[in-house]
Amino acid sequence: MARVFVYGTLKQGQPNYRHMLNTAKGVAKFQGRGRTVEKYPLVIAGKYNIPYMLNIPGTGHHVAGEIYSVDDQMLQFLDEFEGCPDMYQRTPMSIEVVEWEGKSSAPGERPAACRVMECFVYSTTTYQPEWVHLPYYDNYDSSGKHGLSYVLRESRD
Ligand code: PCA
């Protein structure tokens, strides 16, 4: 099993969450919520309003998301789905746990320095240079007041 932190359309209530529930693609077990230890720019870019965490540590916000434990099959599905390694690259990042459901000891009750775990995150270094000038978000919501609703793959032309 691998640990993955999702911050975009794969979160609960977001347009691609259904893939996390699709057992034909493998298993994804919700473990808790967290945020990136480092700051990153999270932007919504392109004509399909796709969220991207730009891999520029130190700029932007601590980004909120959900932690899942996934099996190899789901990890492979997510790599394909996220266009990894072209669109996004999956790299380990330090995530501070803010809420925990897993049954190993509750990180929420530990001192802050002990609440950190390494998770895979789909961020990108292959972004268009002008994207760094877009607004930065700390908690992605496709139907947020920015008005930039995500365009599902099957609705693109
Ligand atoms: N899907 C991945 C990366 C961005 C996106 O929309 C995620 O939710 O973490």
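What this report covers is the structure whose coordinates are included nearby. Everything numeric here is computed off the predicted structure, so don't read it as measured data.

The helix and strand tally for the chain stands at two helices and seven strands. Judged by the C-alpha coordinates and their principal axes, the chain covers about 45 × 35 × 30 Å. Burial analysis of the chain (157 residues in total) assigns 45% to the buried set. For the chain, the computed accessible surface area is about 8100 Å², with 51% contributed by carbon and sulfur atoms. One finds the centroid of the 16 positive side-chain charges in the chain at a distance of 3 Å from the centroid of its 18 negative side-chain charges.

Where strand E2 (residues 28-36) meets strand E6 (residues 89-100), five bridges bridge the pair, whose relative direction is antiparallel. Residue Gly 32 lies in a different strand from E6, and its bridge partner there is Trp 100. In this sheet, strand E7 (residues 116-123) lies alongside E6 in antiparallel orientation, the contact comprising eight bridges. Following the sheet pairing, Ile 95 is matched in E7 by Met 117.

A separate point is the site of the ligand. Surveying the vicinity of the ligand reveals the residues Val 6, Tyr 7, Gly 8, Thr 9, Leu 10, Pro 51, Glu 82, Tyr 88 and Tyr 122. One of the side-chain N or O atoms of Glu 82 is found 3.1 Å from a nitrogen atom in the ligand. When isolated, the ligand has an accessible area of 260 Å², and the protein chains bury 99% of it. Placement of the ligand is best described as lying within the largest cavity. Classifying every residue of the shell around the ligand gives six nonpolar, two polar and one charged.

Counting across every chain of the model gives two cavities of 30 Å³ or more. In this structure, the largest cavity occupies an estimated 100 Å³ of space. Class assignment for the residues of the lining of the largest cavity results in seven nonpolar, two polar and one charged. Roughly 60 Å³ of internal volume is contained in the second largest cavity. Every residue lining the second largest cavity is listed: Thr 9, Asn 16, Ile 50, Phe 81, Glu 82, Met 87, Tyr 88, Tyr 150, Arg 153 and Arg 156. Classifying every residue of the lining of the second largest cavity gives five nonpolar, two polar and three charged.

A few words on the state of the cysteines. Covalently bonding the sulfur atom of one cysteine to the sulfur atom of another cysteine gives a disulfide. Under the definition given, this model contains zero disulfides. No disulfide involves Cys 84; its nearest neighbouring cysteine sulfur is the one of Cys 119, lying 16 Å away.

Its place among the elements puts Gln 89 in strand E6. When its relative accessible area of 15% is taken as the criterion, Gln 89 is described as buried. A distance of 2.8 Å separates a polar side-chain atom of Gln 89 from the backbone nitrogen of Thr 125. Engagement of the side chain of Gln 89 in a polar contact is seen with the side chain of Thr 126, the distance being 3.2 Å.

Analysis parameters
Residues numbered from 1 in each chain as written. Predicted model: local features only at pLDDT ≥ 70, side-chain atom pairs only at ≥ 80, totals over all residues. Heavy atoms only, no water. Helix = DSSP H or I, 4+ residues; strand = E, 2+ residues; numbered from the N terminus. Buried < 20%, exposed > 50% of the residue type's maximum accessible area, 1.4 Å probe, protein only. Areas by Shrake-Rupley, 256 points an atom, 1.4 Å probe, with all protein chains shown as cover. Lys, Arg positive; Asp, Glu negative; His and termini not counted. Charge placed at Lys NZ, Arg CZ, Asp CG, Glu CD. Pairing = 2+ DSSP bridges. Near = heavy atom within 4 Å. Polar contact = N/O pair within 3.5 Å; in protein donor to acceptor, adjacent residues only side chain to side chain. 1 Å grid on protein atoms, 1.4 Å probe; cavity = no way out; pocket = protein on both sides within 12 Å on 5 of 7 lines; lining within 4 Å. Sits in = over half its atoms within 2 Å of the grid points. Nonpolar A, V, L, I, M, F, W, Y, C, P; charged D, E, K, R; others polar. Points joined across faces, edges and corners; volume = space filled by probe spheres on them. Disulfide = S-S within 2.5 Å.

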